[in-house]
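Observations on chain architecture
Here is what each chain is made of, one letter per residue.
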Amino acid sequence: MARMSMIEAIRNAHEVAMEADENVVVMGEDVGYFGGVFRCTAGLQKRFGVERCFDTPISELGIVGTAIGMAAYGLKPVVEIQFADYMYPAYDQLVSEAARLRYRSAGEFTCPMVVRMPTGGGIFGAQTHSQSPEALFTHVAGLKTVVPSTPADAKGLLLAAINDPDPVIVLEPKRLYNGPFDGHFDRPSRSWSKDEKGEVEPGHYEIPLGKASTVRDGSAATLVTYGTMVHVALAAVEESGADIEVIDLRTLLPLDLDAVAASVNRTGRCIVLHEATLTSGYGAELAALIQSECFYALEAPILRVAGWDTPYPHAQEWDYFPGPERVKRAIATVLEG
Amino acid sequence: MARMSMIEAIRNAHEVAMEADENVVVMGEDVGYFGGVFRCTAGLQKRFGVERCFDTPISELGIVGTAIGMAAYGLKPVVEIQFADYMYPAYDQLVSEAARLRYRSAGEFTCPMVVRMPTGGGIFGAQTHSQSPEALFTHVAGLKTVVPSTPADAKGLLLAAINDPDPVIVLEPKRLYNGPFDGHFDRPSRSWSKDEKGEVEPGHYEIPLGKASTVRDGSAATLVTYGTMVHVALAAVEESGADIEVIDLRTLLPLDLDAVAASVNRTGRCIVLHEATLTSGYGAELAALIQSECFYALEAPILRVAGWDTPYPHAQEWDYFPGPERVKRAIATVLEG
Amino acid sequence: MTEERAPRLHVPEPAIRPGDQPDFSHVRVPRAGEVRRPEPDESPEELRDLAFTIIRVLNRDGEAVGPWAGSLDDDAIRDGLRHMMMLRAYDARMLKAQRQGKSSFYMQHLGEEAISCAFQKALRPGDMNFPTYRQAGLLIAAGYPLTKMMCQVYSNDGDPVRGRQLPVFYSSREHGFFSISGNLATQYVQAVGWAMAAAIKGENSLAAGWIGDGSTAESDFHGALVFASTYKPPVILNIVNNQWAISTFQGIARGGAGTFAARGHGFGIPALRVDGNDYLAVHAAAAWAAERARRDLGPTMIEYVTYRAGGHSTSDDPAAYRPKEEGSAWPLGDPILRLKAHLIQKGLWSEERHAQAEAEIMDEVVAAQKEAEAIGTLHSGRRPSPRDMFEDVFAEMPPHLVRQRHEVGY
Amino acid sequence: MTEERAPRLHVPEPAIRPGDQPDFSHVRVPRAGEVRRPEPDESPEELRDLAFTIIRVLNRDGEAVGPWAGSLDDDAIRDGLRHMMMLRAYDARMLKAQRQGKSSFYMQHLGEEAISCAFQKALRPGDMNFPTYRQAGLLIAAGYPLTKMMCQVYSNDGDPVRGRQLPVFYSSREHGFFSISGNLATQYVQAVGWAMAAAIKGENSLAAGWIGDGSTAESDFHGALVFASTYKPPVILNIVNNQWAISTFQGIARGGAGTFAARGHGFGIPALRVDGNDYLAVHAAAAWAAERARRDLGPTMIEYVTYRAGGHSTSDDPAAYRPKEEGSAWPLGDPILRLKAHLIQKGLWSEERHAQAEAEIMDEVVAAQKEAEAIGTLHSGRRPSPRDMFEDVFAEMPPHLVRQRHEVGY
Ligand SMILES: Cc1ncc(C[n+]2csc(CCOP(=O)(O)OP(=O)(O)O)c2C)c(N)n1
Ligand SMILES: Cc1ncc(C[n+]2csc(CCOP(=O)(O)OP(=O)(O)O)c2C)c(N)n1
Ligand SMILES: [Mg+2]
Ligand SMILES: [Mg+2]
């Protein structure tokens, strides 16, 4: 086992997959010679050749649209959208095409494609380098959506996504690329090399899609979250001193509802936490499901903590970001309720 | 008062607005000489001239993108997307641009624009003429979203939308264009001219954005819905014989949460009904809000009845559509629970 | 500076509207045989002229003339006529079936039969079309069973796509026919992706993208041209200019451009403009473009000039926006009559054989229709199961869909 | 058919990479004054040549020569030099401020100053630019206060957009500068919409869309050309070809096309290709296009050939993907030095006055910076309130946002 940053883990997953299967090809803006603005594909072009890893024109529609054609042909394109905020030009191709190709052709044409995109805020990227659009994918029948929170999960989920026969959206929390981040923006950054969660197994392994991970046991309440917020949740729970179970969903769709419901049925209280805008965010779906599955166990309303219903601001980043203080207040409220 | 179909009411709203304000301009695919594939803009070009109502190239991006420029200039574009299913190519312009222009320029540039789109199924339109994408708009800070259920509301909401200083998405349930539809697809179609809900006031009036309408009083449970499903709900409630309150939201964002919460706090039971795909649909947001606002009043889990998590099929349309039978089963369940 | 002038919105208008006299004098139609046929490896810059003319082979006397003639032998030409007649007969029956309520919807090819029927004959097994809803001739010319097509139109239990798609949205990998989408233009850039995949693998499979005149305005058209221009994969980018996009005439999409074919020039992509009602010209142009693809010379754009003689779909009545007589005034004639005249002129065909063939073909179509209807139509007979509604969303059905399927009782 | 060949993916590669010797011999640079200047109402088809050359006014000796010379008087040219120097000084200070942690981010114009500074001078009040992040010269040349620009970069309490946007995403309606978006290219089609609105109202306000070479691949570029070509509104469609899109050289976006300007031809839009490092050539081309707009002659496309001499942004180090020496090998020189030489050659300027002007300008910039910093920088001083975060989502704050604002305590 070696310690890797999430970037290195993602790069390593690419290497493992490209080594194993020559049908895996990588493309996107700046991913070729340069290796990606976040360096997630660095070295791939040199190692696997320009036909397996290449730069594309700045057209997200073109990237996803051609990837669909490639996937239908029989390749396994793994494409990068430079920031999740820039996936909108490709949204029609994702929703109307990739998601429905198997369905509408009754399995004659399929779309085994992975679309990776750096997601979330916390880097002063303002409204167009900070968004978390997961709910725009989970509403679409035919897409799977994944959000890792550690280097090991990032690698294992990406490998599972590449080997999945259907299109998978991989949202990579860019604030976690170089180290864990617990929301205390005023403290020094940490690096994955200093964190045992930076341990990544070599070679091929998969984290199965659709399986959540309980990252902290507890009995007073259940906190359901994913991505960067897993670390914020853990810090807030620690600081609150409360006995809270924390579930890292890892895959949003298909959801590991059994794991979530079992926990909430046990604890009777629940907080749902994400960075995306509150209204119609994925937390709405979680709250709707949990109140339905766990109604008779719930002792307090499910509390959603999320980004405000505004565009992601720049100067007010830390007022927007649902950090440990807000989570601690929510913990207090939900335990009182 | 005259009886009008929803199409006539929408056309009439255009006429009233264009007559009152020469800055109102209408454009879209086939809306000019021909008057729109659903005839909602018939006669406008002839009456107001080709510069105020004209055909566009088939580019939803272009329609919305140029409308944003026009709105920033000072016009009030009212554009038609031929089917809601075809708004995806314009989604970036809607989400990243129209929705955020006021915010990002601190009010210096604004986007008083209306985007109309025929929505929903029930006409054997299959996966690309049937979708209900409202949740993809309610998740976006800066957009208002409206869904009428009667000709009078369609006119009043459209006029309110045109006079609103911000971008408003108007989702028009195409199954209601010519008459009310209660989901009994095997019975003869009815026409608005035969229905007292077809009464539409002449001249200018507005249905304020953000105000729900209680279309049926009741005390045993609250059924929250909008658009076509209002009629399905009323039919199902009638057939069930239960004492159910039915709320027609009319505006999804901003939501009239007070009206909804007051009702559910009174009835203690709630069904949320929509045609869109269940997962991450707008019903998720409603359920999440209601469980939070009405937790201590709720006597049973909130039940969501919605389209299945599949693309909208063709032959199986009536298996997909959440018709009166499913609603009645839900009523039984929620009253038992 | 000369006099300034307040700007005004220039809204292109068709030359004629209902009530006016049809007039196609603005369509410049070169004589058959007049346009040169360059070598497929000539540089794009040298080929500019071919985007501003109309390549034609069949002249008024039914002769095949000029440098684009001769790409097919006699048997192939007879097959071509048969395919077009089959498509027309099929359309007629399916239109009627729709009016009888046996299906929800239909889209015909009237006047455009030559394009898809002839194009397919320039392809080989393993090549892939990315069609629109108006290229069923690709299937017919590839020998796809009529009965299956009808089952799709009827959304019955024999429908290969399990009732999930609108009528005419066929799919057949085996016959080089990519699953059709309702969202215009999306397939165009996917075709480029398919060709890029072939190039990455170094395999000889070309892709053909299809798009209508109106749909060239969509973003996917641009994406396709950008990627095709950059990576030069083996793709043919077809534009079917049938003059109309529902009620909107082609001038709205074309704007100030000379032709749609000329759009290729901004990208260094060679472009041909072809008589779409001339089976032989279509085939010759397609073969030229296919040769470019197979010699790794990169993408080719082809605009087919034709006329949508029927309504846009069964939901459309064109009398509301164009004169009824416009179709007969269309200067490029009827593709079936023109090829028939050619075969007769060559002594390979006669009025009698034609009448007989028409009857035979109609029998064949009617027999297929009987077979299909024996399975079912939209509202009667055996139909796909509601269970099918939940299949194929994913390769493996996830728990939430299993739960929903159970709720429906399957 | 000649020999077939398996297709392969053609991935365009820049001529040089780090370690190689810079070489711009493939950039054909015509002599200054060589390119003709047609009348603005000449037909687009007659203007094709102007998209494949480079319009230049300033020759090596600093003389303004040829038919495009003479669009500005001496005072205006001196102003132009000042604006460019101001922009460069401003960039230098803001880059440094970013490194000092006073802002999160910055994007400079090094080498591209002539384009936005000269273009603005062809506009009138009421005209509207739809810029990218690399046209701050439009603001400087329009007299927008430096201090306000800096407040925006610092996201402090003086920021006109209340800290909501990334640094350099300015907005000023009054100065004809549309609010900048982070999503590339979206503004291009909006510019066409603005011009359409002016045309609908019959008002003399032209719009100028701006886009980078790389961003021409985006869908909005196509939407803009389609709508501009159809309705012919008063819009200038500018493409700044600075050879790079972050790490990606322009060949990836351009593909097989001769030039970016040529993209206009497929749409019947006249296109000029201009030396972007030649203040006088930029101004002359802009004035020509503006005249077309003001005479209701429709859209014009202009490609500015230039070189991004600095990194893409403060997040970028170009040494990873291009040789450091590439910038100095760039054949079109430095826009400031070239205009300075011209003024000296004309006897209107001297090395001494230049040095003095440089010092004065730097003083002015530093004074403005002090003023801005007195208000605050990203992490210190007075900053926009969290309350501002909730304002302007809508004209009127809806209940759910009021509730959220209260939760934050405002
Ligand atoms: C994205 C999208 N926008 C709009 C439509 C509605 N629509 C269906 S066909 C059509 C006209 C297409 O015209 P053209 O491309 O010329 O093809 P033709 O029907 O003439 O073959 C339109 C606007 C659609 N299907 N998809
Ligand atoms: C839709 C979208 N995709 C990707 C990006 C990321 N991005 C920002 S700048 C840039 C390069 C733009 O290059 P170019 O258009 O040539 O402009 P330049 O920076 O050279 O002025 C990219 C890819 C973005 N901002 N928006
Ligand atoms: Mg057409
Ligand atoms: Mg550039």
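Here's what I pulled together on the structure shown here. Each chain has its residues counted from 1, running along the sequence as written. As they are written, the chains are lettered A onward and the ligands numbered 1 onward, keeping that order. Per-residue local features are limited, in this predicted model, to residues with pLDDT of at least 70; the limit for side-chain atom pairs, both in listing and counting, is 80 or more; totals at the level of whole chains, interfaces and linings are taken over all residues. Where side-chain values are given, they derive from all heavy atoms of the structure, hydrogens and water being excluded.

Some thoughts on the overall build of chain A
What counts as a helix is a DSSP run of H or I of at least four residues, what counts as a strand is a run of E of at least two, and both are numbered from the N terminus. When helices and strands are tallied, chain A shows 12 helices and 14 strands. Radius of gyration: C-alpha atoms only; globule rule: 2.2 Å multiplied by the number of residues to the exponent 0.38. Relative to the globule expectation of 20 Å for 337 residues, the C-alpha radius of gyration of chain A, 19 Å, shows essentially globular dimensions. Judged by the C-alpha coordinates and their principal axes, chain A covers about 60 × 45 × 40 Å. Looking at chain A as a whole, 77% of its 337 residues are labelled buried. Throughout, a residue-residue contact means that at least one pair of heavy atoms, one from each residue, lies within 4.5 Å. Contacts spanning at least 24 positions in sequence make up 79% of the contacts within chain A whose residues lie at least 6 apart. Throughout, the Shrake-Rupley method with a 1.4 Å probe supplies accessible areas, and for residues the shown protein chains are the sole cover considered. With an accessible surface of roughly 8500 Å², chain A has 48% of that area assigned to carbon and sulfur atoms. For chain A, the separation between the mean place of its 28 positive charges and that of its 44 negative charges on side chains is 3 Å. The classification of residues rests on relative accessible area computed with a 1.4 Å probe and restricted to protein chains. Under 20% of the type maximum is buried, over 50% is exposed, and intermediate values are partly exposed. Counted as positive: Lys and Arg. Counted as negative: Asp and Glu. His and the chain ends are not counted at all. For charged residues, the charge sits on one atom: NZ in Lys, CZ in Arg, CG in Asp, CD in Glu.

Regarding the coordination of the magnesium ion (ligand 3)
Residues and elements named next belong to chain C. Taken together, the protein ligands of the magnesium ion (ligand 3) are Asp213 (OD), Asn242 (OD1) and Trp244 (O), with distances of 2.0 to 2.1 Å. Donors, by definition, are the N, O and S atoms found within 2.8 Å of a metal, the threshold being 3.2 Å for Na, K and Ca, and water is not counted, so a site can look incomplete. Read from N- to C-terminus, the donor residues coordinating the magnesium ion (ligand 3) fall into the pattern D-x28-N-x1-W. Residue asparagine 242 is classed as buried on the basis of its relative accessible area of 5%.

Examining the packing of aromatic side chains
Pairing of aromatic side chains requires ring centres within 6.5 Å, counting the rings of Phe and Tyr and the six-membered ring of Trp. Pairs whose planes differ by under 30 degrees are stacked, by over 60 edge-to-face, and all others tilted. Per the stated rule, a full pass over the model turns up 63 aromatic pairs over all chains. By the ring-pair criterion, three or more aromatic residues cluster together here, those being A:Tyr88, A:Tyr91, A:Phe137, B:Tyr88, B:Tyr91 and B:Phe137. Here B:Arg39 stacks its cationic end above the ring of B:Phe34, 4.5 Å away from the centre of that ring. Its guanidinium or amino end placed over the ring of A:Tyr33, D:Arg17 lies 3.7 Å from that ring's centre, counting from NZ or CZ. Counting as a charge over the ring demands two things of the Lys NZ or Arg CZ atom: a distance within 6 Å of the ring centre and an angle within 35 degrees of the ring normal.

Observations regarding the pattern of salt bridges
Oppositely charged side chains may form a pair once their charged atoms are brought near each other. For this document, the term salt bridge refers to a Lys or Arg side-chain nitrogen within 4 Å of an Asp or Glu carboxyl oxygen. Applying the stated criterion across every chain yields a total of 94 salt bridges over all chains. The closest approach of N and O atoms between C:Arg273 and C:Glu303, which form a salt bridge, is 3.2 Å. Of this pair, C:Arg273 sits in strand E6 (residues 271–275) while C:Glu303 sits in strand E7 (residues 300–305), and the two are 30 residues apart along the sequence. What makes C:Glu303 buried here is its relative accessible area of 0%. A salt bridge links D:Glu34 to D:Arg31; its shortest N-O distance comes to 3.8 Å. With relative accessibility at 62%, the residue D:Arg31 sits in the exposed group. Taken together, the shared-partner salt bridges in this structure form one network comprising C:Arg56, C:Asp275, C:Asp278 and C:Arg338.

Considering the relation of the copies chain D and chain C
In summary, the two copies of the chain are related to each other by a rotation about an axis coupled with a shift along it. The least-squares superposition of copies is restricted to C-alpha atoms, and to residues with a pLDDT of at least 70 in both copies. For these two chains of identical sequence, chain D goes onto chain C by a turn of 180° and a shift of 0.0 Å along the axis, with RMSD 0.0 Å. The transformation relating the two chain copies, once decomposed into turn and shift, fits a two-fold axis. Looking at the rotation axis and the C-alpha trace of chain D, the residue lying nearest is D:Ser219, at 2.4 Å. A share of 100% of the interface residues of chain D reappears at the interface of chain C, consistent with the copies meeting face to face through the same patch.

A short note on the environment of B:Gly210
All names here are of chain B. You can see glycine 210 is positioned in the loop between strand E8 (199–200) and strand E9 (213–216). Given a relative accessible area of 11%, glycine 210 falls into the buried group. For the pair formed by glycine 210 and lysine 144, sequence separation is 66 residues and the distance between their alpha carbons is 9.0 Å. Excluding anything up to four places from it in sequence, glycine 210 contacts Thr251, Pro254 and Asp256.

A few points about the interface of chain B and chain C
Of the residues lining the interface, 39 residues belong to chain B; the matching set on chain C comes to 46 residues. Together, B:Tyr33, B:Ile58 and B:Trp308 form the three largest contributors to the area buried by chain B at its contact with chain C, with a combined 20%. Where chain B meets chain C, there are one salt bridge. A salt bridge links B:Asp319 to C:Arg383, with the shortest nitrogen-to-oxygen separation between them at 3.7 Å. Counting residues per element, the ones that place at least two in the side of chain B that touches chain C are strand E3 (53–55), helix H3 (60–73) and helix H11 (317–320) of chain B. Here the residues of the side of chain B that touches chain C are counted per class, giving 20 nonpolar, 11 polar and eight charged. A quick way to say it: buried area is the sum, across both parts, of accessible area lost when two parts are put together, with a 1.4 Å probe. Three categories are distinguished: nonpolar for Ala, Val, Leu, Ile, Met, Phe, Trp, Tyr, Cys and Pro, charged for Asp, Glu, Lys and Arg, and polar for the others, with Gly belonging to the last.

Some words on the site of ligand 1
Near residues are defined by distance, with any heavy atom within 4 Å of the molecule or strand qualifying the residue. Not every one of the 20 residues close to ligand 1 is listed here, only the nearest: B:Glu60, C:Tyr133, C:Asp213, C:Ser215 and C:Trp244. Near ligand 1, residues from chains B and C are present, making the site a shared one. In the environment of ligand 1, an oxygen atom lies 2.8 Å from a nitrogen or oxygen atom belonging to the side chain of C:Asp213. Contact with the protein chains removes 96% of the 590 Å² of surface that ligand 1 exposes when unbound. A per-class count over the shell around ligand 1 returns seven nonpolar, eight polar and five charged. As used in this structure description, the phrase polar contact means that two N or O atoms lie within 3.5 Å; if the pair is within protein, one of them must be able to donate a hydrogen and the other to accept it, and residues adjacent in sequence are counted only when both atoms belong to side chains.

Considering the nonpolar core
Of all hydrophobic cores here, the largest spans 372 residues; its most connected members are A:Leu249 and B:Leu249. The contacts of A:Leu249, once residues within four sequence positions are left out, are A:Lys211, A:Ala212, A:Val224, A:Thr225, A:Tyr226, A:Leu255, A:Val260, A:Tyr282 and A:Leu286. Residues belong to one nonpolar core when they are buried, are Ala, Val, Leu, Ile, Met, Phe, Trp, Tyr or Cys, and are joined through side-chain atoms within 4.5 Å.

As for the site of ligand 2
Around ligand 2, a shell composed of 20 residues is seen, among which A:Glu60, D:Tyr133, D:Arg134, D:Ser215 and D:Trp244 lie nearest. With respect to ligand 2, its neighbouring residues span chains A and D. Contact between ligand 2 and D:Tyr133: an oxygen atom at 2.6 Å from a side-chain N or O atom of the residue. D:His312 places a polar side-chain atom, nitrogen or oxygen, 3.3 Å from an oxygen atom of ligand 2. Bound to the protein, ligand 2 loses 96% of the 590 Å² it would expose on its own.

A word on the sheet that holds E9(B)
Residue and element names in this part refer to chain B. A pair of strands is treated as paired once DSSP finds two or more bridges between them. The five strands are arranged E9-E11-E10-E13-E14 in an open sheet whose pairing can be described as mixed. Edge positions in the open sheet fall to E9 and strand E14 (303–307), since each of these has one partner strand only. Each strand of the sheet is rotated relative to its neighbour by a mean of 25°, with strand direction disregarded. Pairing between strand E10 (residues 221–225) and strand E11 (residues 244–248): five bridges, direction parallel. Bridged to threonine 225 within E11 is aspartate 248. The convention used is that axes are lines fitted to C-alpha atoms, helices contributing only their stretch in contact, and that angles between N-to-C directions extend from 0 to 180 degrees.

Points about the interface of chain D and chain C
With 51 residues of chain D at the contact, the number on the chain C side is 51 residues. Here chain D and chain C share an interface that buries about 4400 Å² over both sides, 54% of which is from carbon and sulfur atoms. Here chain D is connected to chain C by eight salt bridges. Ionic pairing is found between D:Arg8 and C:Asp296, a salt bridge with its closest N-O pair at 4.0 Å. Our count for the contact surface shared by chain D and chain C stands at 22 residue pairs in polar contact (both at pLDDT 80 or more). Elements supplying a minimum of two residues to the side of chain D that touches chain C: helix H5 (186–201), helix H6 (219–231), helix H7 (250–254) and helix H8 (279–294) of chain D. For the side of chain D that touches chain C, the residue count by class is 21 nonpolar, 14 polar and 16 charged.

Concerning the coordination of the magnesium ion (ligand 4)
All names here are of chain D. Distances from the magnesium ion (ligand 4) to its protein donors, Asp213 (OD), Asn242 (OD1) and Trp244 (O), fall within 2.0 to 2.1 Å. Sequence positions of the residues that donate to the magnesium ion (ligand 4) give the spacing D-x28-N-x1-W. Of this pair, aspartate 213 sits in the loop between strand E2 (207–212) and H6 while asparagine 242 sits in the loop between strand E3 (235–241) and strand E4 (244–245); the two residues are 29 residues apart in sequence, bridging distant segments of the chain.

Observations regarding the pairing of strand E4 (residues 76–80) of chain A
In summary, the side chains of a regular strand alternate between the two faces of the sheet. Residues and elements named next belong to chain A. A large share of E4 lies buried, amounting to four of its five residues. Here strand E2 (residues 24–28) runs beside E4; their pairing, made up of five bridges, is parallel. Bridging across to E4, glycine 28 finds its partner in glutamate 80.

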